Amino acid sequence: MPSLNTFGAVFTFAIELETRLSAYYSYIGDAAMARAADKRRKKLERVRRENVVEITLEPITGLDADDYALDLNDRSAAGQAGAARIASQFYRDAAPKINVRAAQRALERSGREHGG
Amino acid sequence: MSHTVKNYVDGEWVESGASDVFAVHDPATGELLANCPDSTREDVNTAVRSARAAFDEWRSTPVLVRAQYMHHFKVMVEDNFEKVSQIVVREHGKTMDEARGEVRRGIESIDFAMSVPVLMRSDGLEDISSGIDETTVRQPAGVFAAITPFNFPFMVPLWFLPTAITCGNTFILKPSPQTPLATEYLFEMLDELDLPEGVVNLVNGGVPSATALMEHPDVTGVSFVGSSPVAKIIYETCTRNGKRVQAQGGAKNYIAVMPDADIEASVKNILGAAYGCAGQRCLAAAVAVGVGDAYDQLKDELAKQVAALKVGYGLDETTQMGTVISDAAVNRIESMIGQSEGEGAEVVVDGRDFHVDGYENGSWVGPTLIADVQRNTVMATEEVFGPVLSLMQADDFEDAVDIINQSRYGNAASIFTSNGKYAREFKYSVNAGNIGVNIGVAAPSASFPFGGQKDSFFGDLHGQGMDSIEFYTERKIVIERWV
């Protein structure tokens, strides 16, 4: 999924990102962070479901999945910080591309929760 | 392995007595998904008998109980949201976002039906004469049917079914034989709801079952969404048989773009309006009218953005436009593009002979942009129902309105402008049932009636909103005196 060029592509990428982060945090034994990622995933699934508005569906440009590749093999403190930084950057970049305010807000908040 | 879709009658899945079937294909892969029976008049008679038998008990079921079914139904659809969306993509060919949008709009209609306990209330007046009071009550009217199209196989049935049954009627749905699978799943969910037998019924098929519904004396009213020629036949047949009817037809939707509009932002929205669902919707933008200087800017910006649209399989989230419904549709659309070219229009972006790697059996027409379209030519007058946007030039605002009002259709029209005066004049003078201001797809939400004028609608009461409460109820006046 290189180009995140639709509403669904952006949200599906975010949902998959949180799914992977939850597994990552579980593996390194940080249950609180894993739970937080799960909560965000569920929220993003709900937002994708409830805010896809036919009359405002427009092409999205300038967002590429390759720019937000996570290295989840690095389980060091630096690796964890790096993952959070990339996730935060993704949400910061994605939010302004979405033209439905409730959906935009969910992305902004997810970004803040990752420390952005 | 494909299966033959069953009918749902009297609370059970039953096989049609039909000997003929329609093949249901995934229009992107060509894969055979199912066979749809061409149900017979006897199949319809059985369904109507069931719906009629269920009516008396259902109408006396408290309205709050009827509304509770809708609460449970909504939860089911939400829980199965992604699955339903994927079914819609596979049988129709649209994108996942478009399918999700369709399911969302369907849920809106279920939400609306939950308001029936409020909306069915009526009014009264004491002492219209000495000691005499007068009230109106709304009562359900009987057995209703809907004949629904391929292009929104999940949403359009929900424009009708939830409100009809929550008002206390019983219901028969006949979906398009091209896309019976979303409604099959819809009825699997309704089956889980455990409604009384006969309240909702599904009859799959084509013309014979539609005709049988329209001619059956125990069917009170019929809702239809489809093309204008068929809508007219539906209207005439139903009225000849003494039925209520709301028949929503086709469209040729114009978008006026004023020189003061933000062209880049407008084009982004027009793209969704013109090429969403591959143009197969009655609210699709068909003609963009560039006013004065806006024409050249519009043409340049559209040419750039149309060519960049990603066409592909709808289950790929990055696809921005999917297939059309069938190879027959491809041939019809390509023929119309050729005719337009022959009339002197310029095909700026040509979607003919379009192919998508890996989907060689798909029914593809690429996004097409046609410029220099003149009045009274095929692209100015005929519904394409495909991913084709035409461009016309108007001298000024009045000329644009004149072009739009010449259309025999009146489903929707939009204006892109930053000028309130033009917006106001447009709303006031354009003869279309749904008006957009800086919105390309003027789709009414479920609590508003779905407008439509001229050859885009045959009937009096539209689908959705308070019109649907009127359509699905009978008003009774009670005048009483107690001495």
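Look above for the structure.
About the criteria used
Residues numbered from 1 in each chain as written. Chains lettered and ligands numbered in written order. Predicted model: local features only at pLDDT ≥ 70, side-chain atom pairs only at ≥ 80, totals over all residues. Heavy atoms only, no water. Core = buried A, V, L, I, M, F, W, Y, C linked by side-chain atoms within 4.5 Å. Buried < 20%, exposed > 50% of the residue type's maximum accessible area, 1.4 Å probe, protein only. Contact = heavy atoms within 4.5 Å. Helix = DSSP H or I, 4+ residues; strand = E, 2+ residues; numbered from the N terminus. Axes fitted to C-alpha atoms, helices over the stretch in contact; angles between N-to-C directions. Parallel < 35°, antiparallel > 145°, perpendicular 65-115°, else oblique. Left-handed = near helix turned anticlockwise from the far one by under 90°. Nonpolar A, V, L, I, M, F, W, Y, C, P; charged D, E, K, R; others polar. Buried area = accessible area lost by both parts, 1.4 Å probe. Salt bridge = Lys/Arg side-chain N within 4 Å of Asp/Glu carboxyl O. Polar contact = N/O pair within 3.5 Å; in protein donor to acceptor, adjacent residues only side chain to side chain. 1 Å grid on protein atoms, 1.4 Å probe; cavity = no way out; pocket = protein on both sides within 12 Å on 5 of 7 lines; lining within 4 Å. Points joined across faces, edges and corners; volume = space filled by probe spheres on them. Pairing = 2+ DSSP bridges. Phe/Tyr/Trp six-rings, centres within 6.5 Å; stacked < 30°, edge-to-face > 60°. Lys NZ or Arg CZ within 6 Å of the ring centre and 35° of its normal.

Observations regarding the nonpolar core
Of all hydrophobic cores here, the largest spans 137 residues; its most connected members are Phe73, Phe154, Phe171 and Leu302 of chain B. Residue contacts for Phe154 of chain B: discarding those within four places in its chain leaves Val77, Val84, Val88, Glu102, Val103, Ala182, Leu186 and Met189 of chain B. Among the nonpolar cores identified, the runner-up in size contains 35 residues, and Leu63, Ala83, Ala95 and Val100 of chain A belong to it.

Some remarks on unusual backbone geometry
Negative phi characterises most residues that are not glycine, and trans characterises most peptide bonds. Residues and elements named next belong to chain B. Unusually for a residue other than glycine, Asp353 sits at a positive phi of about 55 degrees. The residue Asp353 is located in the loop between strand 15 (346-349) and strand 16 (368-371) in this model. With a relative accessible area of 64%, Asp353 lands in the exposed category. In this structure, Gln464 takes a positive phi of about 75 degrees despite not being glycine. Among the structural elements, Gln464 can be located in the loop between strand 22 (457-459) and helix 16 (465-471). Judged by relative accessible area, Gln464 falls into the buried class, the value being 3%.

A word on helix 14 (residues 397-405) of chain B
If you check which residues of helix 14 of chain B are buried, you get Phe397, Asp399, Ala400, Val401, Ile403 and Ile404 of chain B. Those residues of helix 14 of chain B hidden inside the fold are in contact with strand 13 (253-257), strand 14 (285-291), strand 17 (388-394), strand 19 (412-416) and helix 15 (420-429) of chain B.

Focus: the packing of helix 1 (residues 41-59) of chain B against helix 8 (residues 207-215) of chain B
Residues and elements named next belong to chain B. At their nearest, the axes of helix 1 and helix 8 sit 8 Å apart, and the two run at 45 degrees to each other. By the angle class used here, helix 1 and helix 8 are oblique. Crossing geometry of helix 1 relative to helix 8 is assigned as right-handed. On helix 8, the residues that touch Arg41, Val44 and Val48 of helix 1 are Ser209, Thr211, Ala212, Leu213 and Glu215. When grouped by side-chain class, the residues that make up the contact of helix 1 with helix 8 number 4 nonpolar, 2 polar and 2 charged.

Re the interface of chain A and chain B
Taken together, the 19 residues of chain A in the interface contact 24 residues of chain B. The largest per-residue losses of area from chain A upon contact with chain B belong to Arg49, Glu54 and Ile55 of chain A, which jointly make up 34% of the total buried on that side. Connecting chain A to chain B are 2 salt bridges. Glu82 of chain B serves as the salt-bridge partner of Arg48 of chain A, at 3.4 Å between the closest nitrogen and oxygen. Joining chain A to chain B, the criterion identifies 10 residue pairs in polar contact (both at pLDDT 80 or more). Among the residues making up the side of chain A that touches chain B, the classes are represented as 8 nonpolar, 6 polar and 5 charged.

Digging into the pattern of salt bridges
Applying the stated rule across the entire model yields 35 salt bridges over all chains. Here Arg109 of chain A and Glu113 of chain A are joined by a salt bridge, their closest N and O atoms 3.2 Å apart. Within this pair, Arg109 of chain A and its partner Glu113 of chain A are both found in helix 4 (residues 101-113), separated by 4 residues, close to a single helical turn. On the basis of relative accessibility, which here comes to 45%, the residue Arg109 of chain A falls in the partly exposed class. A relative accessible area of 39% means that Glu113 of chain A is categorised as partly exposed. Here Arg352 of chain B ties to Asp350 of chain B by a salt bridge, and the two come within 2.8 Å at their closest N and O atoms.

Observations concerning the environment of Ala103 of chain A
Residue and element names in this part refer to chain A. With respect to the element layout, Ala103 can be found in helix 4. Assessed through its relative accessible area of 0%, Ala103 is described here as buried. Along the primary structure Ala103 and Asn51 are separated by 52 residues, whereas in three dimensions their C-alpha atoms are 6.4 Å apart. Once residues lying within four places of it in the same chain are set aside, the contact partners of Ala103 are Phe7, Phe11, Val47, Asn51 and Ile98.

Here we look at the layout of surface pockets
A probe matching the size of a water molecule, rolled over the atoms, marks out where space remains unfilled. In this model, the largest pocket occupies a volume close to 860 Å³. Gln178, Phe224, Gly226, Ser227 and Val230 of chain B are the residues nearest the centre of the largest pocket, which is lined by 35 residues in total. Among the secondary structure elements, those contributing two or more residues to the lining of the largest pocket are helix 8, strand 11 (219-225), helix 9 (228-240) and helix 12 (327-342) of chain B. Class assignment of the residues belonging to the lining of the largest pocket gives a composition of 19 nonpolar, 11 polar and 5 charged. Approximately 350 Å³ is the volume attributed to the second largest pocket. Taken together, 28 residues line the second largest pocket, and the ones lying closest to its centre are Thr56, Leu57, Glu58 and Pro59 of chain A together with Asp97 of chain B. When contributions to the lining of the second largest pocket are tallied by element, the ones reaching two or more residues are helix 4 (96-113) and helix 10 (263-275) of chain B. Sorting elements by how many residues they give to the lining of the second largest pocket places helix 10 of chain B first, with 4 residues.

Observations regarding the sheet that holds strand 23 (residues 473-481) of chain B
All names here are of chain B. The strand order 6-7-23 describes an open sheet built from 3 strands, whose pairing is antiparallel. Two strands in the sheet have a free side with no partner beyond their single neighbour: strand 6 (124-129) and strand 23. Strand after strand, the sheet turns through a mean of 30 degrees between neighbouring axes, direction not considered. Of the strand pairs in this sheet, strand 7 (residues 132-140) and strand 23 are connected by 9 bridges, and their pairing is antiparallel. Residue pairing for strand 23: Ile132 is matched across the bridge by Arg481.

Looking at the side chain of Ser109 of chain B
Counting through the fold element by element, Ser109 of chain B comes out in helix 4. Discounting residues that sit within four places of it in the chain, Ser109 of chain B has contacts with Leu158, Trp159, Pro162, Thr163, Ala446 and Gln464 of chain B.

Observations concerning the packing of aromatic side chains
Across all of its chains, the model carries 19 aromatic pairs over all chains by this definition. For the pair Phe144 of chain B and Phe471 of chain B, a centre-to-centre distance of 5.6 Å together with 55 degrees between the ring planes defines the contact as tilted. Placement of the pair is Phe144 of chain B in strand 8 (residues 143-147) and Phe471 of chain B in helix 16, with a sequence separation of 327 residues. Residues Phe144 of chain B and Phe471 of chain B agree in their burial class; the two are buried. Grouping aromatic residues by their ring pairs yields a cluster made of Phe13, Tyr68, Phe90 and Tyr91 of chain A. The ring of Phe152 of chain B is capped by Lys94 of chain B, whose NZ or CZ atom sits 3.9 Å from the centre of that ring. One Lys or Arg, Arg424 of chain B, reaches over the ring of Tyr428 of chain B and ends 4.7 Å from the middle of that ring.

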